[in-house]
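# A closer look at the structure
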Amino acid sequence: MDKILVTGGLGFIGSHTVVELQQEGFEVVIIDNLSNSSEDVVDRIESITGIAAVFEKLDLRDKSLVHSFFRKHKDIKGVIHFAASKAVGESVEKPLHYYENNITTLVYLLQELEKLDAANFIFSSSCTVYGQADELPITETAPVKPAESPYGNTKQIGEEIIKDVCKVSNKLKAIVLRYFNPIGAHESAKIGELPIGVPQNLVPYITQTGIGLREQLSVFGGDYPTEDGTCIRDYIHVVDLAKAHVVALQRLLNNSNKETFEVFNLGTGKGSSVLEAIQSFEKVSGVKLNYKIVGRREGDVTAAYAETTKANKELGWKTKFSLDDAMLSAWKWEQNIRNK
Ligand code: UD1
């Protein structure tokens, strides 16, 4: 049983990935600083898989703690690194917090990985690195555009750091996964997305409005050059996304990677507008959503959806779930956490 470290393993994508890893027979060690997650997720994961994961509360900004952690776990065979801050607006307000939390920690981790026998690394990146791509769907070779926010910048810089280290390291192998828009929740409704305060992302805002926690959803912009005037995104079910991490890790563990640094888009390949997302919610929930089209949100691109051929062929991975499936799972999760 290979031992895998999942940083940020109690968060939204991390927790779903821990479940998939355990179900594929990996031994998982989670570290998380609980800044945007809660410790009861450890039990929730166990209640799904029947397997206890080892959890250590640890802040990756503390270099000496990171060092002692790796000394204790010299047999780690791979690291999936989710731990990071991810709120775009907050990153504009607190750039140094984002650079410390997302970049300094990455450096500390890579320094420790270099000392291991097996330095296999999976990095959470984002389609935000493409900005408004000139061509759709977006391939991995599309140019990286200047970042719109410190958050986006940390993803770009993170990718560059890993690439530079891979060039000179005789050990490090890395896969960068550029997520499109992860949504939904585990079918058990035991784990899902738990935004703190007012949700910034569309789907949690929709489900919170549906359940009555928010009065109205603001649709940011109805005058985009798209069919219905609203932005287009590629919404991917978090369980599909989690499974991609497992196959990416297996690729490194089996040495089937073609290069020591590889990049994959993770999306469905299908773009949906904000209004289509709302329609999907209304269809699967039977709830009429109170929404209003308002002005555009600064920094939003018109359309982004993935070309998935590379991930499909090289990773042998394809999404299984539709937008409706993902929306229904998000709705069940929302109902479950509000005890409705
Ligand atoms: C956002 C981030 C992106 C990050 C991703 C992480 C921005 C500009 N981008 O992506 O960098 O990687 O989250 O999950 O913040 N919308 C509404 N009303 C709302 C919320 C959203 O109409 O209340 C619309 C947005 O305008 C957008 C779509 O829904 O068209 C999706 O928005 P969101 O879920 O925030 O994701 P992104 O902006 O694509």
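Quick look at the overall build of the protein chain now. What the protein chain contains, in helices and strands, is 11 helices and 13 strands. The C-alpha radius of gyration of the protein chain comes to 19 Å, within 12% of the 20 Å expected for a compact globule of 340 residues. When the backbone C-alpha atoms are referred to their principal axes, the protein chain occupies close to 55 × 45 × 40 Å. The buried share of the protein chain, reckoned over its 340 residues, is 53%. Restricting the contact set of the protein chain to residue pairs at least 6 apart, pairs at least 24 apart contribute 80%. Approximately 15,100 Å² of the protein chain is accessible, and the part contributed by carbon and sulfur atoms is 48%. Here the protein chain contributes 38 positive and 45 negative side-chain charges, whose respective centroids are spaced 2 Å apart.

With that settled, consider the site of the ligand. Near the ligand lie 19 residues; those nearest to it are Leu-202, Ser-218, Arg-233, Arg-297 and Asp-300. Between an oxygen atom of the ligand and a side-chain N or O atom of Thr-128, the distance comes to 3.3 Å. At 2.7 Å, a backbone N or O of Ser-218 approaches a nitrogen atom of the ligand. In the complex, the protein chains occlude 87% of the 740 Å² of accessible area that the ligand would expose alone. In terms of residue count, strand S8 (residues 217–220) provides more of the shell around the ligand than any other element does, four residues in total.

This part covers the domain arrangement of the protein chain. Assigned domains of the protein chain: these are domain 1 (3–183 + 236–266) and domain 2 (202–233 + 269–337). Domain 1 puts 26 residues into the contact, and the matching count from domain 2 is 24 residues. Taken together, both faces of the contact between domain 1 and domain 2 bury some 2,400 Å²; the carbon and sulfur share is 66%. By the criterion of area lost to domain 2, the three top residues of domain 1 are Ile-183, His-237 and Asp-240, representing 24% of everything that side buries. In this structure, the connection of domain 1 to domain 2 is made through two salt bridges. One salt bridge in this structure joins Arg-251 and Glu-314, with 2.9 Å as the shortest N-O distance.

For the coordinates displayed, the defined rule picks out three aromatic pairs. Where Phe-281 meets Trp-331, the ring centres are 5.1 Å apart and the plane angle is 90°; that geometry is what we call edge-to-face. Of the two residues, Phe-281 is situated in helix H9 (residues 274–285) and Trp-331 in helix H11 (residues 323–337); the sequence distance between them amounts to 50 residues. Positioned above the aromatic ring of Tyr-224, the side-chain terminus of Arg-296 is 3.9 Å from the ring centre. Lying over the aromatic face of Phe-264, Lys-310 brings its terminal NZ or CZ to 4.8 Å of the ring centre.

Turning to the environment of Ile-206, a few remarks are in order. Inspection of the secondary structure assignment puts Ile-206 in helix H7 (residues 202–210). A residue is classified by how much of its surface remains accessible, and Ile-206, at 0% relative accessible area, is buried. Residues Ile-206 and Thr-141 lie 65 residues apart in sequence; the distance between their C-alpha atoms is 33 Å. Here Ile-206 is in contact with Leu-217, Ala-277, Ile-278, Phe-281, Leu-289 and Met-327, once residues within four sequence places are set aside.

Cut-offs used in this document
For every chain, the first residue of its written sequence is number 1, and the numbers climb from 1 along that sequence. At least 70 in pLDDT is required for a residue's local features to be given in this predicted model, at least 80 for side-chain atom pairs to be given and counted, and no such filter applies to totals for whole chains, interfaces and linings, which use all residues. The side-chain numbers reported here are obtained from all heavy atoms of the structure, hydrogens and water having been left aside. In this description a helix means any DSSP run of H or I spanning at least four residues, a strand means any run of E spanning at least two, and both kinds are numbered starting from the N terminus. Here the globule rule reads 2.2 Å times residues to the power 0.38, and the radius of gyration is calculated from C-alpha atoms. Buried means the residue's accessible area, taken with a 1.4 Å probe over protein chains only, is under 20% of the maximum for its type, while exposed means over 50%, and partly exposed covers the values in between. Residue contacts are counted whenever heavy atoms from the two residues lie within 4.5 Å of one another. Per-residue and other accessible areas were derived by the Shrake-Rupley procedure at a 1.4 Å probe size, with only the shown protein chains allowed to occlude residues. A positive count includes Lys and Arg, and a negative count includes Asp and Glu. His and the chain ends are not counted in either. By convention, the point assigned to a charge is CZ for Arg, NZ for Lys, CD for Glu and CG for Asp. Residues are counted as near a molecule or strand when any one of their heavy atoms sits within 4 Å of it. In protein, a polar contact requires one atom able to donate a hydrogen and another able to accept it; more generally it is a pair of N or O atoms within 3.5 Å, and residues adjacent in sequence count only if both atoms are side-chain atoms. Source of the domain bounds: an automatic or database domain assignment. In short, buried area is how much 1.4 Å probe accessible area vanishes from two parts on joining, totalled over both. Here, a salt bridge means any Lys or Arg side-chain nitrogen found within 4 Å of an Asp or Glu carboxyl oxygen. Classification of ring pairs uses Phe, Tyr and Trp, with its six-membered ring standing for Trp, and accepts pairs whose centres are within 6.5 Å; under 30 degrees between planes counts as stacked, over 60 as edge-to-face, and the remaining range as tilted. Should the NZ of a Lys or the CZ of an Arg lie within 6 Å of a ring centre and within 35 degrees of the ring normal, that charge is described as sitting over the ring.

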